[in-house]
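The chain contents come next:
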Amino acid sequence: MACYQCQQKGKCVFDDQVNEIAARLDEFGGMIVGSPVYYGGPNGRLTSFLDRLFFSIDGTKFRGMLAASVVSCRRGGATAAFERLNQYFLMTNMHVVSSQYWNQIHGFIAEEAKRDEEGLQTDGYI
C-alpha cells in the first residue's frame, strides 16, 4: 500500500503477524524463508509479508543476521524465486548462508520431491 505510516509510527498500520515478528526480531539469530514457486516466483502472500516486514522497521535490525531461503518447484522458476527471496537479505546487510548450489528441490507432490536426491543433498538433508 506504501502509506508510509510505519515510518512515523515505527510499525505497520495493519496489526498482524508482521508486527508480531518485527517485535521479536531481537530474539532471532537468523531467518529461514521457504516458498513454493508459482509462475516463476515465490508465493505472493509470503512476498507481501516480507515487503511489509522489511519496509516497516529500521533496516539496521537485520544487519548481521544469518539468512537462508529454500524454494520448491515442479520444474522451472526456482532460481528466479530463490533470487527474489535472497534480495530481502542482501538489501539489509544480512549474511546469506551458502550451499554448494541453489537451495531448490523439484517435485509436483511431496513424494516426488523426496525422490529428488540432488535437491535433497543441496538442501543439506542427505
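Rules used throughout
Residues numbered from 1 in each chain as written. Predicted model: local features only at pLDDT ≥ 70, side-chain atom pairs only at ≥ 80, totals over all residues. Heavy atoms only, no water. Helix = DSSP H or I, 4+ residues; strand = E, 2+ residues; numbered from the N terminus. Buried < 20%, exposed > 50% of the residue type's maximum accessible area, 1.4 Å probe, protein only. Contact = heavy atoms within 4.5 Å. Lys, Arg positive; Asp, Glu negative; His and termini not counted. Charge placed at Lys NZ, Arg CZ, Asp CG, Glu CD. Salt bridge = Lys/Arg side-chain N within 4 Å of Asp/Glu carboxyl O. Axes fitted to C-alpha atoms, helices over the stretch in contact; angles between N-to-C directions. Parallel < 35°, antiparallel > 145°, perpendicular 65-115°, else oblique. Nonpolar A, V, L, I, M, F, W, Y, C, P; charged D, E, K, R; others polar. Phe/Tyr/Trp six-rings, centres within 6.5 Å; stacked < 30°, edge-to-face > 60°.

**Student:** How should I be thinking about the overall build of the chain in this particular structure?
**Tutor:** When you go through the chain residue by residue, the secondary structure sums to six helices and five strands. Going from N to C terminus, the chain has its helices and strands arranged as α-α-β-β-α-β-α-β-β-α-α. Each principal axis of the C-alpha atoms in the chain carries an extent, and together these give about 50 × 30 × 20 Å. In the chain, which comprises 126 residues, the proportion classed as buried is 36%. Intrachain contacts of the chain at a sequence separation of at least 6 include 64% that bridge at least 24 residues. One way to put it: in the chain the 12 positive side-chain charges average out to a point 5 Å from where the 14 negative ones average out.

**Student:** Sorry if this is basic, but what is going on with the pattern of salt bridges here?
**Tutor:** When the charged atoms of two side chains with opposite charge come close together, those side chains can pair. What the rule picks out here adds up to four salt bridges. A salt bridge links aspartate 16 to arginine 52, with the shortest nitrogen-to-oxygen separation between them at 3.0 Å. Here arginine 52 lies in helix α3 (residues 44–56) and aspartate 16 lies in the loop between α1 (5–9) and α2 (17–24), a separation of 36 residues in the sequence. Overall, the relative accessible area of 22% leaves arginine 52 in the partly exposed class.

**Student:** I tried to follow the environment of serine 48 on my own but got confused; where do I start?
**Tutor:** Tracing the chain through its elements places serine 48 in helix α3. Taking the relative accessible area as the measure of exposure, serine 48 reaches 37% and is therefore partly exposed. For the pair serine 48 and valine 18, spaced 30 residues apart in the sequence, the C-alpha separation amounts to 10.0 Å.

**Student:** I'm lost on the side chain of threonine 47 in this one. Help?
**Tutor:** By secondary structure assignment, the location of threonine 47 is in helix α3. Owing to a relative accessible area of 8%, threonine 47 belongs among the buried residues under this scheme. Those residues within four positions of threonine 47 in sequence are excluded, and the remaining contacts are Pro42, Arg84 and Tyr88.

**Student:** Could you clarify how one ought to interpret the packing of α3 against helix α4 (residues 78–90) in this entry?
**Tutor:** The description of two packed helices rests on the angle between their axes and on the distance between the axes. The N-to-C vectors of α3 and α4 enclose an angle of 10°; their axes lie 11 Å apart at closest approach. Looking at the two axes, α3 sits roughly parallel to α4. On α4, the residues that touch Leu46, Thr47, Leu50, Asp51 and Phe54 of α3 are Arg84, Leu85, Tyr88 and Phe89. For the contact of α3 with α4, the per-class residue count stands at six nonpolar, one polar and two charged.

**Student:** Sorry, what's going on with the packing of aromatic side chains here?
**Tutor:** Two aromatic rings, taken as a pair, are described by how far apart their centres are and by the angle between their planes. Taken as a whole, this structure holds three aromatic pairs when the rule is applied. When the ring of tyrosine 4 is compared with that of phenylalanine 55, the centres are 5.4 Å apart and the planes differ by 80°; the resulting orientation is edge-to-face. Taken together, the residues tyrosine 4 in the segment before α1 and phenylalanine 55 in helix α3 connect sequence positions 51 residues apart. Overall, tyrosine 4 belongs to the partly exposed group, its relative accessible area being 48%. The exposure class assigned to phenylalanine 55 is partly exposed, which follows from its relative accessible area of 41%. Arranged with centres 5.3 Å apart and planes meeting at 40°, the rings of phenylalanine 54 and tyrosine 88 form a pair that is tilted. Here phenylalanine 54, found in helix α3, pairs with tyrosine 88, found in helix α4; they are 34 residues apart in sequence, far enough to count as distant.

Such coordinate-based values are descriptive only and should not be taken to indicate function.
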